Amino acid sequence: MAKRIDVKDLNLFYGKFHAVDGVTLSVPPRNVTAFIGPSGCGKSTVLRSLNRMHEVIPGARAEGEVLLDGEDIYASSVDPVSVRRTIGMVFQRPNPFPTMSIRDNVVAGLKLAGVRDKKKLDEVAERALRGANLWAEVKDRLNKPGGGLSGGQQQRLCIARAIAVQPDVLLMDEPCSALDPISTLAIEDLITELKKDYTIVIVTHNMQQAARVSDQTAFFNLLGVGQPGRLIEIDDTEKIFSNPTEKATEDYISGRFG
Amino acid sequence: MESRPHDPRPPSADQPAKVIVRPGDRIFSGLAKSAGILIVVMIAAIGVFLLAQAVPSLIANKANFLFSREWVAGDPTNLSFGVLDLLLVTVFSSIFALIIAMPISLGIALFLTQYAPRRLARPFAYVIDLLAAVPSIIYGLWGAVVLAPTLEPVTGWLNSVFGWLFLFETGNVDRSIGQTIFTAGIVLAVMLLPIITAISREVFERTPTMQIEGALALGATRWEVVRTTVLPFGKAGYISASMLGLGRALGETIAVMIILATTSRTFGWSLFDGGDTIASKIARAAAEFNDPRSAGAYIAAGLVLFLLTFVVNAIARSFIVGKKEYE
């Protein structure tokens, strides 16, 4: 559990379009790293490349290395399916499987991995739902469809689904952007708790959120329209928000653009 | 921060509410409404027409219309006709066609939406749609001239190995010529493929991307993505597409008429039977409708087909309506 990520000179493409240029960064284990930057700067693209979800878009490809505890997940011998089983992901909009019950949603990943033992699945479901701070709210309706929950509950259900398989890393792509402030707070608290066990990378448009939940922050930017996105700087969150090295970071943080 | 240039008064705050209907709206809603009413009236009129034409013959009928298997309608003074045999052949051949067409259509639709490279999927889908536009007489010709004799070794083998099962028993017509329900069913299946495939493909295509990505991110393989997201999402659409296809098969006339050999013997639940479906029976006799009483017998059979397709379509609809749209 909780592995470190080292990205080395990662270039990402959508067909011929060069979306992200030469990203190099490291994410230590049991740590929250926030990706911030204006729309279209490639921060979500980089996040999706960390569990090889980038390449599911037709024409998309990646060049460079992404090392998970030293092992390149883009090595030719690596099966992307197994990468995704060890690196969980939570999306911008909650996406529980609508035809599955709450319990089945949580254990969907385990079932895919071949776990059939009902007792084990029930245990994992409870542990994951407790881990996602959702157990108390749903324990009496585990067999009801997941689509019946509120947006914030659905997002926590998706987090439960992601942590049920005990991934090495948890990726979150703007997990609160479709949620109200109270649900957002619940998720942020949850991120702080999950940090004890997982390596977390979160993309956010909300700079206060980045400041609240993350240990280090990476700022991405575009030099111009049609240009690839770049990593401008990555540093301790405190430093990024008080005394960034790059002028562009400071301009963005202080609201001068973006 | 700039101040807003000019703050307009909130509209209609102190004005009385007044409903304005513009002439364009009125004309269009009138047109739409009358078109809607027209179609309902037409369907009702068809039903009434069938009923009105059928009733006198039904009264004069000496046999039980629903349960008799004989069909003697040539002599208006001596009518003795029952729809049962025709109905059984109709339903039996259609369901046989559906059983062949459903899995193949599912496979094609899944291939086109989930597996085929985009460059191939598009032209392939056009070809499938094109198949739906081929006139049924062409399918009928192909079935009677090409397929029927070609199938002889297959049917011979089925008959000799599985002949103990009623489906493959020696039927009531000469199997070797191939003018059987078996051949007709396969041709019908080919005709159903594009219908079921086209609708299923559109439904599968609409599986929300976030569902698919959710499954992928959990480490689902392509097939597991299909199983956990695409199939549950598209199931209702697929079933209703199949029902629409079934409706089509039930009413198919000319292809079946060309292929099936007529026989005076009754239908015995074998795929190697001949006979007639309701539609093919009517078509065969249509040239000889010289007496309203005789014609009425066929119209009564047509009424049964009308109701049957109505029910099948209603079932198809119920699958869509009863299903909550995701997202």
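Computed from a predicted structure; not experimentally measured.

Across its full length, chain B holds 11 helices and two strands. Tracing chain B from N to C terminus, the helices and strands come up as α-β-β-α-α-α-α-α-α-α-α-α-α. What you see for chain B is a C-alpha radius of gyration of 26 Å, clearly larger than the 20 Å of a compact globule of 327 residues, by over 25%. Viewed in the frame of its principal axes, chain B has a C-alpha envelope of about 90 × 55 × 30 Å. Scored against the burial criterion, the 327 residues of chain B give a buried share of 45%.

Let us look at the overall build of chain A. Scanning chain A for helices and strands turns up 11 helices and 10 strands. A compact globule built from 258 residues would reach a C-alpha radius of gyration of about 18 Å, and chain A, at 18 Å, matches this within 12%. With respect to the principal axes defined by its C-alpha atoms, chain A has extents near 55 × 45 × 30 Å. For chain A, buried positions account for 53% of its 258 residues. With the model as given, the accessible surface of chain A reaches about 11000 Å², and the carbon-plus-sulfur share is 49%. One way to put it: in chain A the 32 positive side-chain charges average out to a point 6 Å from where the 33 negative ones average out.

On to the interface of chain A and chain B, then. Taken together, the 23 residues of chain A in the interface contact 19 residues of chain B. Together, the buried faces of chain A and chain B total about 1800 Å²; carbon and sulfur atoms form 64% of this surface. By the criterion of area lost to chain B, the three top residues of chain A are F97(A), T99(A) and L112(A), representing 30% of everything that side buries. Linking chain A to chain B there are two salt bridges. One salt bridge in this structure joins R48(A) and E213(B), with 2.6 Å as the shortest N-O distance. Counting across the interface, chain A meets chain B through five residue pairs in polar contact (both at pLDDT 80 or more). Contributing elements (two or more residues each) for the side of chain A that touches chain B: α2 (80-86), β6 (87-90) and α4 (108-112) of chain A. In the side of chain A that touches chain B, the residues fall into 14 nonpolar, four polar and five charged.

With that settled, consider unusual backbone geometry. Of note, the phi angle at D69(A) is positive, near 50°, even though the residue is not glycine. Here D69(A) shows up in the loop between β4 (60-68) and β5 (71-72). Judged by its relative accessible area of 44%, D69(A) is partly exposed. Here W269(B), not a glycine, exhibits a phi torsion of approximately 65°, which is positive. Relative to the assigned elements, W269(B) resides in the loop between α9 (254-259) and α10 (278-285). Note on W269(B): relative accessible area 40%, which makes it partly exposed.

Next up on the list: the UniProt feature "domain: ABC transporter" (unreviewed entry) in chain A. Following the UniProt record, the feature "domain: ABC transporter" (unreviewed entry) maps to residues 5-247 of chain A here. What you have in residues 5-247 of chain A is 35% helix and 27% strand, and the ends, taken at the C-alpha atoms, are 27 Å apart.

Let's shift gears to the pairing of strand β10 (residues 229-236) of chain A. Residues and elements named next belong to chain A. With two bridges joining them, strand β2 (residues 17-27) and β10 adopt parallel strand pairing. Its bridge partner lying in β10, V20 is registered against G229. Bridge analysis of strand β9 (residues 216-222) against β10 gives seven bridges, and the strand direction is antiparallel. Directly across from Q216, in β10, lies its bridge partner D236. Here β9 folds back onto β10, and the loop between the two strands holds six residues, one of which, G226, carries a positive phi near 85°.

This brings us to the UniProt feature "transmembrane region" (unreviewed entry) in chain B. Residue and element names in this part refer to chain B. As recorded in UniProt, the feature "transmembrane region" (unreviewed entry) lies at residues 35-59, 79-112, 124-148, 180-200 and 295-316. Taken as a whole, residues 35-59 contains 100% helix and 0% strand, while its terminal C-alpha atoms sit 36 Å from one another. Its end C-alpha atoms 27 Å apart, residues 124-148 is made of 92% helix and 0% strand.

The subject of this paragraph is helix α2 (residues 84-115) of chain B. In a regular helix each residue adds 1.5 Å, so 32 residues correspond to 46 Å; α2(B) covers 45 Å between its end C-alpha atoms and thus fits that length. Considering bend angle alone, the principal kink of α2(B) is centred on A101(B) and spans about 30°; proline P103(B) follows within four residues of it.

As a rule of thumb, soluble globular proteins bury nonpolar side chains together. Ranked by internal contacts, the top residues of the largest apolar core, which has 64 residues, are W71(B), F182(B) and L271(B). Only α1 (23-60), α2, α4 (136-150), α6 (181-205), α8 (222-251), α9, α10 and α11 (292-321) of chain B provide two or more residues apiece to this core. Top element by residues in this core is α6(B). It accounts for 12 residues. The residues touching W71(B), leaving out its near neighbours within four places in the chain, are S80(B), F81(B), G82(B), V83(B), L86(B), K281(B), A297(B), Y298(B) and A301(B). Counting residues in hydrophobic clusters, the runner-up holds 43 residues, among them V106(A), L179(A), Y198(A) and I202(A).

Residue and element names in this part refer to chain B. Per-residue confidence for chain B averages 90 on the pLDDT scale, and 93% of its residues sit at or above 70. Across chain B, element-level confidence peaks in α2 with a mean pLDDT of 96 and bottoms out in α11 with 89. Scored as a whole, the predicted complex attains pTM 0.84, and scored at its interfaces, ipTM 0.91.

Let us look at the environment of Q227(A). All names here are of chain A. Turning to its location among the elements, Q227 is positioned in the loop between β9 and β10. According to the relative accessible area criterion, Q227 is partly exposed, its value standing at 37%. Put simply, Q227 and D21 are 206 residues apart on the chain and 9.0 Å apart in space, counted from C-alpha to C-alpha. With near-sequence residues (within four places) excluded, Q227 lies in contact with F17, H18 and L222.

Once that is clear, we can look at the environment of L218(B). With respect to the element layout, L218(B) can be found in the loop between α7 (209-217) and α8. For L218(B), a relative accessible area of 7% gives the class buried. Separated by 194 residues in the primary sequence, L218(B) and G24(B) have C-alpha atoms spaced 53 Å apart. Apart from residues lying up to four places away in sequence, L218(B) is in contact with R84(A), R85(A), F97(A), A108(A), G109(A), L112(A) and R161(A).

Reading the values: the criteria
Residues numbered from 1 in each chain as written. Chains lettered and ligands numbered in written order. Predicted model: local features only at pLDDT ≥ 70, side-chain atom pairs only at ≥ 80, totals over all residues. Heavy atoms only, no water. Helix = DSSP H or I, 4+ residues; strand = E, 2+ residues; numbered from the N terminus. Rg over C-alpha atoms; globule rule 2.2 N^0.38 Å. Buried < 20%, exposed > 50% of the residue type's maximum accessible area, 1.4 Å probe, protein only. Areas by Shrake-Rupley, 256 points an atom, 1.4 Å probe, with all protein chains shown as cover. Lys, Arg positive; Asp, Glu negative; His and termini not counted. Charge placed at Lys NZ, Arg CZ, Asp CG, Glu CD. Contact = heavy atoms within 4.5 Å. Buried area = accessible area lost by both parts, 1.4 Å probe. Salt bridge = Lys/Arg side-chain N within 4 Å of Asp/Glu carboxyl O. Polar contact = N/O pair within 3.5 Å; in protein donor to acceptor, adjacent residues only side chain to side chain. Nonpolar A, V, L, I, M, F, W, Y, C, P; charged D, E, K, R; others polar. UniProt positions renumbered as here; feature names shortened; annotations may be inferred. Pairing = 2+ DSSP bridges. Expected span 1.5 Å × (residues − 1). Bend = angle between axes of the 7 residues up to and from the residue. Core = buried A, V, L, I, M, F, W, Y, C linked by side-chain atoms within 4.5 Å. pLDDT = per-residue confidence, 0-100.

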